[in-house]
Amino acid sequence: MNFDFSDDQKQLRDQARKFLTEKCSPKAVRIVLDGKAPYDKALWKGLAEMGFLGVAIPEEFGGAGAGHLELCVIAEEMGRANAPVPFSSTVYLAAEALLIAGSDAQKKKWLPAIASGEAIGTLALFEGKGNPSPKNVKVTAANGMLNGVKKPVADGAIADFAVVAARTGSSGRENDISLFLVDLKDAGVEVKSLTNLDPTRGQAEISFKDCKAEPLGAAGDGWSILTQVLDRAAVLCAFEQVGGADRALEMGRDYALDRIAFGRQIGSFQAIKHMLADMYVSATLARSNSYYGAWALSTNAAELPEAAAAARISATQAFQHCAKNNIQVHGGMGFTWEFDCHMYYRRANAMALGLGSLTYWEDQLIDRMRKKNAA
Amino acid sequence: MNFDDTPQEAEFRATARAWIGANAPKQYEDELRKSSLGRTQLKNANILEVAKAWQKKKADAGWACLHWPKEYGGRGSSPIERVIWQQEEGPFGKLSHMFIIGHGMCGPTMMAFAREEHKRAYLPPLASGEKVWCQLFSEPAGGSDVAGLRTRAEKDGDEWVINGQKIWTSGAHYSDYGILLTRTDPTVPKHKGLTMFFLDMKSPGVEVRPIKQASGASDFNEVYFTNVRIPDHQRLGEVGDGWNVSLTTLMNERMSIGAGVSTGFPELFEYCSSLMLDDGPAIEDRAVRAKLANWAVKASGLRYTSMRAISALSKGERPGPENSIGKLVAGSMIQDVATYALDLQGAAGVVSGPEDAEVAGRFQAMLLRAPGTRVEGGTDEIMRNIIAERVLGLPGDIRVDKDVPFNKIPTKGRG
Ligand SMILES: Cc1cc2nc3c(=O)[nH]c(=O)nc-3n(C[C@H](O)[C@H](O)[C@H](O)COP(=O)(O)OP(=O)(O)OC[C@H]3O[C@@H](n4cnc5c(N)ncnc54)[C@H](O)[C@@H]3O)c2cc1C
């Protein structure tokens, strides 16, 4: 047993951190936050050049072929930097769906384009209120044509293509659902940007009207593929969340050392110390759960579904906990647009919902633990 | 990152499993499996005797205190092998509970500070459970503020004469030896005037009086010292350096408590898996699931945090202050878990006798023991201070007594 990243992986983390510190300062994030650009194009290009977009994509499809542990390491840094780029939608969702279910031709078409930063992809799953569930999929696919509305779709307004979940049967069960690849420039696609909790990562509504759809994976396999994609993305997002939680904790700690009140550093007040200690506790538990998820993901272990749900819940809680208390430690300053605290608060709360809410993952976790115990 | 056993680890595991399979006291397995914090008694046997017998058997075959050096009664194992052993030992590991202070704290302190001949004489019988040790730190005037202790040690020739009182000393009533923190100089600031010893608990002048705990059990004691004489060669560390010696003990304490603390979660999950509520199975209830999931990720987070710590240890790092997290999280969790399990039982939850209560009263026992878990080995507040100050680098608490000679510090809060 060795429950840690390797020296090479840690080196990659340092490299990613250095790169992001330079290229993704809070000032750069604010350009997107303030609505002056839909995402940071220069950063996206830089990430491609560093090989970060295709780190887990096999070499034959234009990636670095390193693996998922390496991707986890980079994900953590993306979260720390609060990077305003469509990394999770493209790399965790679209690319993973292609890796799991894509035909050779589909992989050849899209994966190199993802790795090189030319194509942005996303997953179009949700349709208004509710969590991932076959019965919440109303968009239909018949005779190669998609019809219906998806919302919210992460980075939908800037994506080049989407993996779309659609209904192809009427039994009401999981095998009614199939996945499709849609080029979002095709006729019959209409995209509308939506205001959302975290402007550094856009959300959109996408309407399909008799739009051409190319099957991804076998008909009726959609739900099982989706479950795998969501599990993988849960682990990867957990690393982003851990990175964000750590950064929020660090910001709070630094402020507690700088700010003086009643003639003392506020960090010498126990109420503040203990709040920061609790932030550390939640971030540490999340990190440990995420490491286990990373191991399960990288080895494709039978434990992945349970590990992914645990990492997801723990990291969601930790990021929300650290982000909200970071504002509290900052007092009034923390509630200004000028300070960066709210960027992490926004990201934490948006990320808590993006792959289905805690309620969904709690259900998943308990179901999976029951299954394991029964086995 | 790798969770699989290496070939050597797999071999170690197989050997351990075979030996445990052939030698463990199987007749108690079921009872031990079902016991939980607050309720580790055996119905028809004295648990101390059973525990001592099992420990001795392990020691004779080289399975006691695995990570200790061989010459001190251990096996010289790696931290990972120790974990593998714990996994394989399963419920029988609960029998070592009464040795935890000796093995986890006294032993490492002896190893770091005792003379070689003492290590060779005292450590093997400690490892084998033949001799039980206790930790005599806390006093009525000094628990969290250990350095506030008043038990005096005065030099008399080659001996020290001890007078004073310790309190909450776990296992003192069945201990053979103890490590003892004393004040040797009251005229200097409190941290500077302390000295550590080890002593024979049967020494003349040592009196142990069991205290009845809030839970009803009597696991800890008051210990009185009246002109107890300790030879100078039983001193651990330099005169006046007792604070540093005790920090070594406490760091080890945190590691050994932190790694093994129970959270109550496996018990709760098992219980909810079969429990029927008014509206159907508990495990299918939304609210129950949300609670379970929340605790599940804490329990797994702790498990993997300690695995990360063990990985670090196996690379040669020392147990650091970040290990305080285990007890901090598990302590209040077990209290909350027990409270919730009783809530699920409705009015019946109030019945606590093992014969009549649900699942033999295990959650009632946990509930009544849990407050002690949050206090022993450092309270929640002290754990948070440690994390804030030593992990996050925040300022230390303001200490008004820091530079004051010990005998000038006020002793009462009011009046
Ligand atoms: C079951 C059990 C077994 C034990 N076994 C042993 C043993 O074997 N050997 C031994 O030596 N001792 C033992 N103890 C004693 C234990 O270590 C002390 O009880 C513990 O350290 C707390 O000290 P105290 O009881 O003096 O509480 P106090 O220190 O008086 O604390 C009272 C309250 O004040 C808070 N407080 C104190 N200082 C601070 C601070 N700086 N910041 C914030 N809050 C603070 C505490 O958190 C607590 O809430 C045991 C205790 C229990 C409950």
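Residues numbered from 1 in each chain as written. Chains lettered and ligands numbered in written order. Predicted model: local features only at pLDDT ≥ 70, side-chain atom pairs only at ≥ 80, totals over all residues. Heavy atoms only, no water.

- Going by what an unreviewed UniProt entry lists, chain B is known as Acyl-CoA dehydrogenase and is assigned to Bradyrhizobium zhanjiangense.
- According to the UniProt record, the Cofactor (unreviewed entry) comment for chain B is "FAD".
- Of the comments in the UniProt record for chain B, the one headed Sequence similarities (unreviewed entry) reads "Belongs to the acyl-CoA dehydrogenase family." (UniProt positions renumbered as here; feature names shortened; annotations may be inferred.)

- Chain A goes by Acyl-CoA dehydrogenase in an unreviewed UniProt entry, where it is assigned to Bradyrhizobium zhanjiangense.
- Reading the Cofactor (unreviewed entry) entry of the UniProt record for chain A gives the comment "FAD".
- The UniProt entry for chain A carries this comment under Sequence similarities (unreviewed entry): "Belongs to the acyl-CoA dehydrogenase family."

Some words on the site of the ligand
- Residues in contact with the ligand amount to 21 residues; listed here are only the nearest, Q270 of chain A together with S144, W168, T379 and E381 of chain B.
- T379 of chain B is positioned with one of its side-chain polar atoms (N or O) 2.7 Å from an oxygen atom of the ligand.
- E381 of chain B is positioned such that a nitrogen or oxygen atom in its side chain is 2.6 Å from an oxygen atom of the ligand.
- When the free accessible area of the ligand is taken as 960 Å², the share hidden by the protein chains comes to 70%.
- At the level of secondary structure, the elements contributing two or more residues to the shell around the ligand comprise β3 (159-170), α11 (362-373) and α12 (380-391) of chain B.
- Classifying every residue of the shell around the ligand by side-chain character gives 6 nonpolar, 11 polar and 4 charged.
- Each of domain 2 (133-240) and domain 3 (260-392) of chain B contributes no fewer than three residues to the shell around the ligand. (Near = heavy atom within 4 Å. Polar contact = N/O pair within 3.5 Å; in protein donor to acceptor, adjacent residues only side chain to side chain. Areas by Shrake-Rupley, 256 points an atom, 1.4 Å probe, with all protein chains shown as cover. Helix = DSSP H or I, 4+ residues; strand = E, 2+ residues; numbered from the N terminus. Nonpolar A, V, L, I, M, F, W, Y, C, P; charged D, E, K, R; others polar. Domains from an automatic or database assignment.)

A short note on the packing of helix α10 (residues 324-345) of chain B against α11 of chain B
Residues and elements named next belong to chain B.
- Two elements in contact, α10 and α11, have axes whose closest approach is 9 Å; the angle formed by their N-to-C orientations is 150°. Relative to α11, the element α10 lies roughly antiparallel. Crossing angle aside, the handedness with which α10 passes α11 is left-handed. The segment α10 lies against α11, with K327, G331, I334, Q335, A338, T339, A341, L342 and Q345 engaging F363, Q364, M366, L367, A370, P371 and T373.
- Of the residues belonging to the contact of α10 with α11, the class tally is 9 nonpolar, 6 polar and 1 charged. (Axes fitted to C-alpha atoms, helices over the stretch in contact; angles between N-to-C directions. Parallel < 35°, antiparallel > 145°, perpendicular 65-115°, else oblique. Left-handed = near helix turned anticlockwise from the far one by under 90°. Contact = heavy atoms within 4.5 Å.)

What to know about the pattern of salt bridges
- Taken as a whole, this structure holds 53 salt bridges over all chains when the rule is applied.
- Between K36 of chain A and D34 of chain A there is a salt bridge whose closest N-O contact spans 3.9 Å.
- Since its relative accessible area comes to 66%, K36 of chain A is described here as exposed.
- The class for D34 of chain A is partly exposed, based on a relative accessible area of 36%.
- Between E88 of chain B and R17 of chain B there is a salt bridge, with its nearest N and O atoms 2.8 Å apart. Note that E88 of chain B is positioned in helix α4 (residues 79-89) and R17 of chain B in helix α1 (residues 7-23), a separation of 71 residues in sequence.
- Salt bridges here are not isolated pairs; linked through shared partners, they connect R17, E77, R80, R247 and E250 of chain A. (Salt bridge = Lys/Arg side-chain N within 4 Å of Asp/Glu carboxyl O. Buried < 20%, exposed > 50% of the residue type's maximum accessible area, 1.4 Å probe, protein only.)

What to know about the packing of aromatic side chains
- For the structure shown, the criterion picks out 32 aromatic pairs over all chains.
- Aromatic side chains Y292 of chain A and F3 of chain B sit 5.3 Å apart centroid to centroid with 85° between the ring planes, which places their arrangement in the edge-to-face category. Of this pair, Y292 of chain A sits in helix α8 (residues 270-299) while F3 of chain B is found in the segment before α1, placing the two residues in two different chains. Comparing Y292 of chain A with F3 of chain B shows no difference in burial state: the two are buried. (Phe/Tyr/Trp six-rings, centres within 6.5 Å; stacked < 30°, edge-to-face > 60°.)

Some remarks on helix α7 (residues 222-258) of chain A
- Counted at 1.5 Å a residue, the expected span for α7 of chain A with its 37 residues is 54 Å, and the 52 Å between its end C-alpha atoms agrees.
- Along α7 of chain A, 27 of the 37 residues are buried, which leaves the element largely enclosed by surrounding structure. (Expected span 1.5 Å × (residues − 1).)

Some words on the pairing of strand β4 (residues 177-183) of chain B
All names here are of chain B.
- Across the 7 residues of β4, 7 count as buried, placing the element largely inside the fold.
- Across the two faces of β4 the burial is the same, with Y177, I179, L181 and R183 and G178, L180 and T182 all buried.
- Taken together, the 4 bridges between strand β1 (residues 133-136) and β4 define a ladder with parallel strand orientation. From the neighbouring strand, L136 faces β4, where its bridge partner is L180. (Pairing = 2+ DSSP bridges.)

Regarding the domain arrangement of chain B
Residue and element names in this part refer to chain B.
- Domain annotation for chain B reports domain 1 (7-128), domain 2 (133-240) and domain 3 (260-392).
- Measuring from the centre of the C-alpha atoms in domain 1 to the corresponding centre in domain 3 gives 24 Å.
- With 12 residues of domain 1 in contact, the opposing surface of domain 3 contributes 15 residues.
- Where domain 1 abuts domain 3, roughly 1000 Å² becomes buried across the two surfaces, and 68% of that area is made up of carbon and sulfur atoms.
- Counting the surface domain 1 buries against domain 3, the share from its top three residues, L37, R39 and P79, is 52%.
- Put simply, domain 1 and domain 3 have 3 residue pairs in polar contact (both at pLDDT 80 or more) between them.
- When contributions to the side of domain 1 that touches domain 3 are tallied by element, the ones reaching two or more residues are α2 (29-34) and α4.
- With 4 residues, the top contributor of residues to the side of domain 1 that touches domain 3 is α4. (Buried area = accessible area lost by both parts, 1.4 Å probe.)

Let's talk about the UniProt feature "domain: Acyl-CoA oxidase/dehydrogenase middle" (unreviewed entry) in chain B
- As recorded in UniProt, the sites labelled "domain: Acyl-CoA oxidase/dehydrogenase middle" (unreviewed entry) are residues 134-228 of chain B.
- Segment residues 134-228 of chain B splits into 0% helix and 51% strand. End C-alpha atoms: 17 Å apart.

Some remarks on the interface of chain B and chain A
- At the junction of the two partners, chain B supplies 48 residues and chain A supplies 44 residues.
- Here chain B and chain A share an interface that buries about 4300 Å² over both sides, 64% of which is from carbon and sulfur atoms.
- By the criterion of area lost to chain A, the three top residues of chain B are M1, R289 and R308 of chain B, representing 19% of everything that side buries.
- At the boundary of chain B with chain A, the tally comes to 9 salt bridges.
- Here R289 of chain B ties to D363 of chain A by a salt bridge, and the two come within 2.7 Å at their closest N and O atoms.

Let's talk about the nonpolar core
- In this structure, L47, F87 and L146 of chain A are the most contacted members of the largest nonpolar core, which totals 205 residues.
- Of all the elements, α7 of chain A adds the most residues to this core, at 19 residues.
- Look past the residues within four positions of F87 of chain A in its chain and what remains in contact with it is W44, F52, L53, L71, I74, M78, Y92, R201 and E240 of chain A.
- Formed by 27 residues, the second largest nonpolar core is a distinct cluster that contains L126, L181, L194 and F198 of chain B. (Core = buried A, V, L, I, M, F, W, Y, C linked by side-chain atoms within 4.5 Å.)

Description of the UniProt feature "domain: Acyl-CoA oxidase/dehydrogenase middle" (unreviewed entry) in chain A
- Under the feature "domain: Acyl-CoA oxidase/dehydrogenase middle" (unreviewed entry), the UniProt entry names residues 144-211 of chain A.
- With 0% helix and 57% strand, residues 144-211 of chain A has its two end C-alpha atoms placed 8 Å apart.

Focus: the pairing of strand β4 (residues 161-167) of chain A
Residues and elements named next belong to chain A.
- Across the 7 residues of β4, 7 count as buried, placing the element largely inside the fold.
- Here β4 shows a buried face lined by F161, V163, A165 and R167 and a second buried face lined by A162, V164 and A166.
- Where β4 meets strand β5 (residues 177-183), 7 bridges bridge the pair, whose relative direction is antiparallel. Paired with R167 across the two strands is I177, which belongs to β5.

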